[in-house]
Amino acid sequence: MPDDSAWTLIGTATPRIEGRAKVTGQALYASDEAVANPAFAFLVTSAISRGHIEGFRLEQARAVAGVLDILTYENVADQAEPQPPHAPGGETTTMQDAHIWHDGQIIAVVVAETYEAAREAALAVGVNYAEEQPSATFDSLGIEEQVREPGEHKDFEIGDAEAAFAAAEVKIDARYGTPTQHHNPIELFTTTCAWHDGSLTVYEPSQFVYGLRGALAKQLHLDPKRIRVVSRHVGGAFGSKGIPSARTAWIAVAARRLNRPVKLVATRDQGFTIATYRAETRHHIQLAASRDGKLTSLRHEGWELTSRPSDYNVSGTETTARMYACPNILTKVNIVHADRNTPGFMRAPPDVPYMFALESAMDELAEALGIDPVELRRINDTGTDPTNGLPYSSRSLMQCFDRAAAQFGWSRRDPRPGSMRDGDWLVGWGCAASAYPANIGAGAARVSLGPDGAAWVQIAAHDLGTGAHTVIAITAADRLGLKIEQVTVQLGDTDLPPAGLAAGSNHTAGIAAAVALACEDIRGRIARAATTSNDGPFAGRDPATLTLAQGQLCGPDGTAEAIADALRRVTGGAMEAYAENIPQGLPADSMTKLYSGQMTISRGTGRKDVTAYAFGAQFVEVCVHSRTREVRAPRAVGAFAAGQIVNPRTAHSQFMGGMIWGIGSALHEATEIDHRAARYVNDNIAEYLIPVNADVRAIEVIMVPERDDRVNPMGIKGIGEIGVVGMNAAIANAVYHATGRRIRDLPIRIDQLL
Ligand code: MOS
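Residues numbered from 1 in each chain as written. Predicted model: local features only at pLDDT ≥ 70, side-chain atom pairs only at ≥ 80, totals over all residues. Heavy atoms only, no water.

Section: the overall build of the protein
Phase 1: Tallying secondary structure elements over the protein gives 20 helices and 30 strands in all.
Phase 2: Over its C-alpha trace the protein gives a radius of gyration of 27 Å, about what one expects of a compact globule, namely 27 Å for 754 residues.
Phase 3: Taking the principal axes of the C-alpha coordinates as reference, the protein spans close to 80 × 75 × 50 Å.
Phase 4: The burial tally for the protein puts 64% of its 754 residues in the buried class.
Phase 5: Summarising the internal contacts of the protein: among those between residues at least 6 apart in sequence, 80% fall at separations of at least 24.
Phase 6: Split by element, the accessible area of the protein, about 27,200 Å² in all, is 50% carbon and sulfur.
Phase 7: If you average the places of the 70 positive and of the 87 negative side-chain charges in the protein, the two averages end up 3 Å apart. (Helix = DSSP H or I, 4+ residues; strand = E, 2+ residues; numbered from the N terminus. Rg over C-alpha atoms; globule rule 2.2 N^0.38 Å. Buried < 20%, exposed > 50% of the residue type's maximum accessible area, 1.4 Å probe, protein only. Contact = heavy atoms within 4.5 Å. Areas by Shrake-Rupley, 256 points an atom, 1.4 Å probe, with all protein chains shown as cover. Lys, Arg positive; Asp, Glu negative; His and termini not counted. Charge placed at Lys NZ, Arg CZ, Asp CG, Glu CD.)

Brief notes about the sheet that holds strand β13 (residues 262-265)
Phase 1: Across the sheet, which stays open at both edges, the 7 strands sit in the order β3-β5-β1-β13-β10-β11-β12 with mixed pairing between neighbours. The sheet is open, and its two borders are formed by β3 (67-71) and β12 (227-230), each paired with just one other strand. The mean inter-strand angle of the sheet, taken between neighbouring strand axes irrespective of direction, is 20°.
Phase 2: As paired elements, strand β1 (residues 39-45) and β13 share 3 bridges and run parallel to each other. (Pairing = 2+ DSSP bridges. Axes fitted to C-alpha atoms, helices over the stretch in contact; angles between N-to-C directions.)

Notes on the packing of aromatic side chains
Phase 1: Overall, the coordinates contain 16 aromatic pairs when judged by the stated rule.
Phase 2: With centroids separated by 6.0 Å and ring planes inclined at 65°, the aromatic side chains of Tyr 277 and Tyr 680 adopt a geometry described as edge-to-face. Within this pair, whereas Tyr 277 is found in the loop between α8 (268-274) and β14 (281-289), its partner Tyr 680 is found in strand β29 (residues 679-680), the two being separated by 403 residues in sequence. Side by side, Tyr 277 and Tyr 680 carry an identical accessibility label, which is buried. (Phe/Tyr/Trp six-rings, centres within 6.5 Å; stacked < 30°, edge-to-face > 60°.)

Topic: the pairing of strand β2 (residues 51-57)
Phase 1: Of the pairings in the sheet, the one linking β2 to strand β4 (residues 99-100) comprises 2 bridges and is antiparallel in character. The residue of β4 that forms the bridge with Gly 51 is Ile 100.
Phase 2: Bridging between β2 and strand β6 (residues 126-131) involves 6 bridges; their strand directions are antiparallel. Opposite His 52, over in β6, you have Ala 130 as the bridge partner.

Focus: empty space enclosed by the protein
Phase 1: Evaluated as defined, the whole model comprises 9 cavities of 30 Å³ or more.
Phase 2: When its volume is computed, the largest cavity comes out at roughly 310 Å³.
Phase 3: As for the largest cavity, its lining consists of 25 residues, of which Gln 83, His 86, Thr 92, Ile 274 and Thr 342 are closest to the centre.
Phase 4: Approximately 100 Å³ is the volume attributed to the second largest cavity.
Phase 5: What lines the second largest cavity is a set of 16 residues, among which Glu 204, Lys 241, Ile 243, Pro 244 and Ser 245 lie closest to the centre.
Phase 6: Taken together, the residues of the lining of the second largest cavity break down into 7 nonpolar, 6 polar and 3 charged. (1 Å grid on protein atoms, 1.4 Å probe; cavity = no way out; pocket = protein on both sides within 12 Å on 5 of 7 lines; lining within 4 Å. Points joined across faces, edges and corners; volume = space filled by probe spheres on them. Nonpolar A, V, L, I, M, F, W, Y, C, P; charged D, E, K, R; others polar.)

Concerning the nonpolar core
Phase 1: Among the nonpolar cores identified, the biggest contains 94 residues, and Leu 287, Phe 619 and Val 622 are the most heavily contacted of them.
Phase 2: Judged by nonpolar contacts, the second largest core, of 54 residues, contains Val 76, Leu 222, Leu 496 and Leu 501. (Core = buried A, V, L, I, M, F, W, Y, C linked by side-chain atoms within 4.5 Å.)

Section: the packing of helix α13 (residues 468-480) against helix α14 (residues 507-532)
Phase 1: Contact geometry of α13 with α14 gives a least axis separation of 9 Å together with a crossing angle of 30°. Taken as axis vectors, α13 and α14 run roughly parallel relative to one another. Handedness of the crossing formed by α13 with α14: right-handed. The residues of α14 that touch α13, namely those facing Ala 468, Val 471, Ile 472, Thr 475, Ala 476, Arg 479 and Leu 480, are Thr 508, Ile 511, Ala 512, Val 515, Ala 516, Cys 519 and Ile 522.
Phase 2: Here the residues of the contact of α13 with α14 are counted per class, giving 11 nonpolar, 2 polar and 1 charged. (Parallel < 35°, antiparallel > 145°, perpendicular 65-115°, else oblique. Left-handed = near helix turned anticlockwise from the far one by under 90°.)

A few points about the environment of Ala 122
Phase 1: Here Ala 122 lies in helix α4 (residues 115-123).
Phase 2: Dropping the residues within four chain positions of it, Ala 122 is found in contact with Phe 42, Leu 43, Val 44 and Val 110.

Digging into the side chain of Glu 187
Phase 1: Position of Glu 187 among the secondary structure elements: in the loop between β9 (170-178) and β10 (190-196).
Phase 2: You can call Glu 187 buried: its relative accessible area is 11%.

A short note on unusual backbone geometry
Phase 1: With an omega dihedral of -10°, the bond running from Leu 746 to Pro 747 counts as a cis peptide bond.
Phase 2: By the element assignment, Pro 747 lies in the loop between α19 (727-739) and α20 (750-753).
Phase 3: The phi dihedral of Asp 139 is positive, around 75°, even though this residue is not glycine.
Phase 4: Tracing the chain through its elements places Asp 139 in the loop between β6 and β7 (144-147).
Phase 5: Phi at Asn 259 is positive, roughly 55°, even though this residue is not glycine.
Phase 6: Looking at the element boundaries, Asn 259 is found in the loop between α7 (247-258) and β13.

Things to note about the packing of helix α17 (residues 648-667) against α19
Phase 1: Between α17 and α19, the least distance of the axes is 8 Å, while the angle of their chain directions is 55°. Taken together, the axes of α17 and α19 are oblique relative to one another. Crossing angle aside, the handedness with which α17 passes α19 is right-handed. Contacts from Met 659, Gly 662, Ile 663, Ser 665, Ala 666 and Leu 667 of α17 reach α19 at Met 727, Asn 728 and Ile 731.
Phase 2: Looking at side-chain class alone, the contact of α17 with α19 contains 6 nonpolar, 3 polar and no charged residues.

Observations concerning the side chain of Ser 626
Phase 1: By secondary structure assignment, the location of Ser 626 is in the loop between β26 (613-625) and β27 (631-641).
Phase 2: At a separation of 2.8 Å, a polar atom in the side chain of Ser 626 contacts the main-chain carbonyl oxygen of Asp 424.
Phase 3: Residues within four places of Ser 626 in sequence aside, it is in contact with Arg 421, Asp 424 and Leu 426. (Polar contact = N/O pair within 3.5 Å; in protein donor to acceptor, adjacent residues only side chain to side chain.)

So, the environment of Val 352
Phase 1: Looking at where Val 352 falls in the secondary structure, it is placed in helix α10 (residues 351-369).
Phase 2: Owing to a relative accessible area of 3%, Val 352 belongs among the buried residues under this scheme.
Phase 3: A C-alpha to C-alpha distance of 7.1 Å links Val 352 and Val 724, two positions 372 residues apart in sequence.
Phase 4: Sequence-distant contacts of Val 352, defined by excluding residues within four places in its chain, comprise Arg 278, Arg 347, Ser 665, Val 724, Val 725 and Asn 728.

Notes on the pattern of salt bridges
Where charged atoms of side chains with opposite charge meet at close range, the side chains can pair.
Phase 1: With the rule as written, the count across this model stands at 42 salt bridges.
Phase 2: The salt bridge involving Arg 247 is made with Glu 204; its shortest N-O contact spans 3.3 Å. Of this pair, Arg 247 sits in helix α7 while Glu 204 sits in the loop between β11 (199-203) and α6 (209-220), and the two are 43 residues apart along the sequence.
Phase 3: The buried category is assigned to Arg 247, whose relative accessible area is 4%.
Phase 4: The class for Glu 204 is buried, based on a relative accessible area of 4%.
Phase 5: The shortest N-O distance in the salt bridge between Arg 742 and Asp 363 comes to 2.9 Å. With Arg 742 in the loop between α19 and α20 and Asp 363 in helix α10, the pair connects residues that are 379 residues apart, well separated along the chain. Residues Arg 742 and Asp 363 agree in their burial class; the two are buried.
Phase 6: Connected via shared salt-bridge partners are Arg 50, Glu 132, Glu 144, Arg 308 and Asp 339. (Salt bridge = Lys/Arg side-chain N within 4 Å of Asp/Glu carboxyl O.)

Set out below in structure tokens:
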């Protein structure tokens, strides 16, 4: 256990500061927030996937005791605009009209005195549909395919990949696929809305409270200042709570109609269709190499499934094109429209599916070349981004491979497939690379320092269970020379200075920088007061050389004065600082966009002079039963280099969680679709398989030290997503090594190995 009473520095392993509140039930999740006299909402969702509603039969529902209101497009269509689309190409309406875009779309909201009455009435709502034949997924009749337009994402055409492939000595030409996946955070999708004098308060778990506020303001034609969004603790999100969903505005409308707070807790199965998910993808990869293992051609074409109107895509070719030195690169992404809800981001959105394809293909290439898979990565390692010639800000890919390989015992691997056995079990060892771009967002923070040395940090950051409270406290304690218990953190509330979308592994880098800047303002004011006043040990010194450490104002020669004494010189003992931080390379209007709730991060740092990624390497042992073909993954080692780690303790949990998720992704998870009805069939966590304790044995995490002064001033690359990225391919590669069977479609289940 770390010593809680120690002075806290960035990089100190620190228990969650909100941990006690969580385990004692004191921590308030959105649906726990007390509102006076709430009514309860239950959603009615579409039973068809394509068509429109001809009318409702509501008599039975209205007859249920306690029913207060039933919202449908017939009575509220003009009360809220559709939520802003999260990708170009258009929006889906819900109760703005009678149109049905997908199965499980919100078509009515029943409000009642109790949850039970609302549910009973919702189940009694009759709907007359005009149904059309839906298109469910790839290969269905009626899908529409388009080449992705250049927009937020890029594709690459470097050299002549086709000619190089045709001329190559060794080549791989293979197709891969990944399934629909759903985040399934333990905390369900909830919304509580309360109006007061024309102002709205929304309690909802969110990865971006300012974004939700901005979207609602547009939908409800309200001044954003009249909306407050509160999201103090979030019970898992993984991307599913980052994009405004249709439900929120309708709960606000319901509360306004009733003039009474309304609370919604959507059910688990509704969560599959009222929020986003990871799109199904397909890949065609062609790799070519010379006999010595040097890549000569990389072609990666992807297909991503989305809804009818939305062009949502993740375009992971931006990562796969950058992984290895290669003179000839050609990438392309296609969008396939079907009658489905619009997908969105889910943990390492581009990198999980696209790196599964590339890192599987690299393993196939290693086999074809007779070169060890780790050595193949070494031969093609590069310090230069092959897509644009820029240097990597830092790149420790091979350090990760070497550390993880040593820990795993890779040198003891017999490369022949099927050669390693343990009784009835075929044993396979596989590895793969991980990568994730180092993103950053703008942010603002307010830091107050009291005469007792206690600090109070306010920033509308988001703690998705990942440890944001604690990294904020660590950063403030580090910069103000305090102990962790002297810092109070307030986040998740649009009454606080804004922080960006907590996604894309950007949050720690962005919020720590804003907090550090506010702390620097405080340090500077204390130091200036100390050096310009006539009394005290620092009179006449250069304030830039003074630091706050261990409860003291310190000079470089060891001169020190208690902060409390130094503070007295400033303001009579208490001070407050507000700082806005726009990282280098982000647009000058980032802060304005942030206040209005527009996203201010995209892929990358925004910097023009370096390419910045975190890298990792993952090694997995699988056991495949020789007769039943049951697959187990008893051992995994991951090594990651992601610049400065602010809190190694919660970082370890994040990496481990990502690797466990990877076991699920490779071996368990898939949202199954009824191809005739375009409907999810396993929309519950009994049938949507995720790893349980028995599926997870040894998970070892190695944090490879990495100092990166170029990525951003604090050297933080972010760690939230890279833990999952390489796992799919590492497991597929291990299954190949165990069995000689190359499985190119996830998840890898018994039926594919029989
Ligand atoms: Mo995460 S998928 O970037 O919310």
